Amino acid sequence: MSYLPYALAVWIFAVGLYGVVRSRNLVHLVVCLSVAQSSTYVLLLSIGYVNRGTAPIFADVPKGTRAVDPVVQALTLTDVVVSVTVAALLLALAIQAQRHAGTTDPDELAEMHG
Amino acid sequence: MPLVPLVVAVPLVAAAALTAMGQFLGRRVDDLTGIAAAAATTVVSTMLLLRSLDHDLVYWFGGWTPRHGIALGIAFDVDPLSAGIAALAGALMTASFVFAWRYFDEVGTLFHVLMLVFLAAMNGFALSGDLFNMFVFFELMSVCAFALVGYAIEQRAPLQGAINFAATNTVGALLLLFGIGLVYGRTGALNLAQIGRALDGRAPDGLLVVAFALLLTGFLVKAGAVPFHFWLSDAYAAAPIPVCVVLSGVMSDLGLHAVARIYWPSFSGVFAADAGSLRAILVGAGVLTALVGGTMAFFQRDLKRLLAFVTIGHVGIFLAGIGLLTAPALAGTTLYVLADGFVKGGLFLAVGILLRRARDGDELRLRGQGGVAPMAGVAFLLGGLGLAGLPPFGTFPGSALIIRSANDVGYRWLPPLLAAASILAAGTVLRAGARIFLGLGDADDPSLSHEPPAAEEEPEHVPGRVSPPLLFGPALALMVVGLGLAFTPGLAGRATQWAQRFEDRPAHTAEVLRGAAPRPAGTRAFHPGAAPYVYGAISTVGAVGFAFFGLYRRRLPAHLRRVPGRLTAGPAAQLKALHSGVVGDYVAWLTFGAAALGGLLALTVR
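Everything numeric here is computed off the predicted structure, so don't read it as measured data.

**Remarks on the interface of chain B and chain A**
A common way to report how large an interface is uses the accessible area buried once the components associate.
Here's step 1: Contact with chain B, which involves 47 residues of that partner, is made by 42 residues of chain A.
Here's step 2: Here chain B meets chain A over a buried area of about 3,900 Å², counting both sides, of which 79% is carbon and sulfur.
Here's step 3: Between chain B and chain A we count zero salt bridges in total.
Here's step 4: Residue assignment for the side of chain B that touches chain A shows that the elements contributing at least two residues are α5 (131-149), α6 (156-187), α9 (230-238), α12 (303-323) and α22 (583-604) of chain B.
Here's step 5: The leading source of residues in the side of chain B that touches chain A is α6(B), at 18 residues.
Here's step 6: Considering only residue class, the side of chain B that touches chain A consists of 29 nonpolar, twelve polar and six charged.

Okay, here's the thing in structure tokens:
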């Protein structure tokens, strides 16, 4: 198993995080957050990957068949659900920001400070 | 019928029922359902506490018990300390619902639904014995809290608060998930006890250090430790009062409780040789957080934002307490968290009374206006003294245990610093109370930042038909419980025993995975000795003195003011400027903090 998938996960996370830090638009920020989030899918799936393993469905296969780890797939699925919820909520907030404050720039929304 | 799953099931079922039928039933039915469900959950949590006094209650969902000492299913692991925090969450939620009855002019069913799901998630997070299950409840808790903070969505402040909260905490949750993935990859386990067993006899390597740092970062973002705290002051200042009570009283502390909950069963073995450096890092971060929170609180005039920074200051004290990594300190921190949660909840409710009666939450504009709500003034006085740790009330037994423990591990410099942090936070609360309810102090103070926008509504001059006891009743009740908790006989000694059980990793692992009985603990009473009383007296007197300093600072003779004023003006302005309100800055700080934490751990762990 190579280190490439792990390096890829870190790279995707870093790219997404950079976007969040530099963002001047809430919709852009949510997309960047989703990019960063997808790095966790890569990480989790590569942790459970087994060379030459099949899908972890144990019907009609001989005992002892090599399969990838089903636990991380369940974790990834849960993670997808969670991330969709958060993205939907943040996008709803972005719509409200445009409607009530007339801007989607986080810098201009910053009313409280100090 | 097992009780354990009910702490999550009761609020969830009530929330589902309200979602289905709430619109047709009217506001008061929603309120009553919320109160009943939260109160019932509190009763269940308290029963769990009483049943777990001598041994943990380990509940395996779906009957998936461990086979041959290997965890297969997902477990809730109930010990008295965790059940106590769950009971705190339920009690604060009940008080919030009672307060909301009269506080909101109008409020939709969704508010009650979100609050109940929030309660279920907090209980699940506090009691879960499985790392990924903790993550799921962590996220459920977060999503409810994001939506609740942004509840008054047509205003700018809740928008800013909710967005900053959601973005920062989501990044924190991602780091947490990265850490969980790495731990699972290394150990093949998600059950906390099983992880600890898989790491038995191993030396800490780079991967484990990175994984542990990521887990810590995720939980400390939720807790609001410096430099992960920036979102907290924006979110808590913008949330509706009944939400603030729960966020400040228990959610922040849950993040820290999780640190203890993963460290002792899973990592205390593998990092045993490095406990000293881990202690230095955690206590250092705690002291920094306590001082930054207290200092920033001093510079606020918006009462909710002021209490938000007080919360950060106390998170710092708790982080230092848990970070001492001893059983008495863990017991002390938990007792402190319980008493402090009630007191902070009562203070937020007192601010809520002012917001309702005077339609304002600004310390300077409210100067001398406190006559509309004298009971809120009583709550402010009691709260300020409670936060200061006035012996023998409220937070005193907890802080006494922490002080003793700090001296035992040779951190003699820690108690004075923690006393200084209490003085900053409690003194600021007393200052605000004295200015509002007694009309003391100057009418203006230009060094206080962020004037909150004035309310558009007229003040509520005539008491309505519904009697105000529904407003001040919950506030005073929380204060009385918080301050009176200290008088439970033998609590400090018993809590220390529970903490010893919590920290006894081999026995705990056998208990969870094999159902073995825990080691019997000898009864031991705790005698605080003289030092904690001295610190308690110093911090109480200091807080009163600091309150007067805050009120009359500008009347000090010019030659006394000039030099300290010049020295502190620059750093104070810079510290305030860091809290920019821009989410990108906060995430950048989060990244820096995670890197710093990981770097420090990597440098010190051998």
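Picking up where we left off.
**A closer look at the side chain of B:Asp56**
Residues and elements named next belong to chain B.
Here's step 1: Within the secondary structure, aspartate 56 sits in the loop between α2 (27-51) and β1 (57-60).
Here's step 2: One polar contact links aspartate 56 to histidine 508, side chain to side chain, over a distance of 3.5 Å.
Here's step 3: When sequence neighbours within four positions are dropped, the list of residues in contact with aspartate 56 reads Asp77, Val78, Asp79, Arg501, His508 and Glu511.

**Observations regarding empty space enclosed by the protein**
Residues and elements named next belong to chain B.
Here's step 1: One pass over the structure, following the stated rule, counts four cavities of 30 Å³ or more.
Here's step 2: Roughly 160 Å³ of internal volume is contained in the largest cavity.
Here's step 3: In terms of lining residues, the largest cavity is bounded by 16 residues, among which Tyr336, Ser399, Ile403, Ala419 and Ser422 are the most central.
Here's step 4: Secondary-structure elements contributing two or more residues to the lining of the largest cavity are α15 (396-408), α16 (414-438) and α20 (530-552).
Here's step 5: Taken as a whole, the second largest cavity holds about 130 Å³ of empty space.

**As for the side chain of B:Arg431**
All names here are of chain B.
Here's step 1: Note on placement: arginine 431 falls in helix α16.
Here's step 2: Within the structure, the side chain of arginine 431 is placed 2.9 Å from the side chain of glutamate 363, a separation counted as a polar contact.
Here's step 3: Residues in contact with arginine 431, not counting those within four places in the same chain, are Ala297, Phe298, Gln300, Leu306, Glu363, Leu448, Ala547, Gly550 and Leu551.

**Considering the layout of surface pockets**
All names here are of chain B.
Here's step 1: Its volume calculated, the second largest pocket comes out at about 560 Å³.
Here's step 2: Phe549, Arg553, Pro564, Gly565 and Thr568 are the residues nearest the centre of the second largest pocket, which is lined by 22 residues in total.
Here's step 3: Elements supplying a minimum of two residues to the lining of the second largest pocket: α11 (275-298), α20 and α21 (558-578).
Here's step 4: Ranked by residues supplied to the lining of the second largest pocket, first place goes to α21 with ten residues.
Here's step 5: Here the residues of the lining of the second largest pocket sort into 13 nonpolar, four polar and five charged.

Definitions and limits used
- Residues numbered from 1 in each chain as written.
- Chains lettered and ligands numbered in written order.
- Predicted model: local features only at pLDDT ≥ 70, side-chain atom pairs only at ≥ 80, totals over all residues.
- Heavy atoms only, no water.
- Contact = heavy atoms within 4.5 Å.
- Buried area = accessible area lost by both parts, 1.4 Å probe.
- Salt bridge = Lys/Arg side-chain N within 4 Å of Asp/Glu carboxyl O.
- Helix = DSSP H or I, 4+ residues; strand = E, 2+ residues; numbered from the N terminus.
- Nonpolar A, V, L, I, M, F, W, Y, C, P; charged D, E, K, R; others polar.
- Polar contact = N/O pair within 3.5 Å; in protein donor to acceptor, adjacent residues only side chain to side chain.
- 1 Å grid on protein atoms, 1.4 Å probe; cavity = no way out; pocket = protein on both sides within 12 Å on 5 of 7 lines; lining within 4 Å.
- Points joined across faces, edges and corners; volume = space filled by probe spheres on them.

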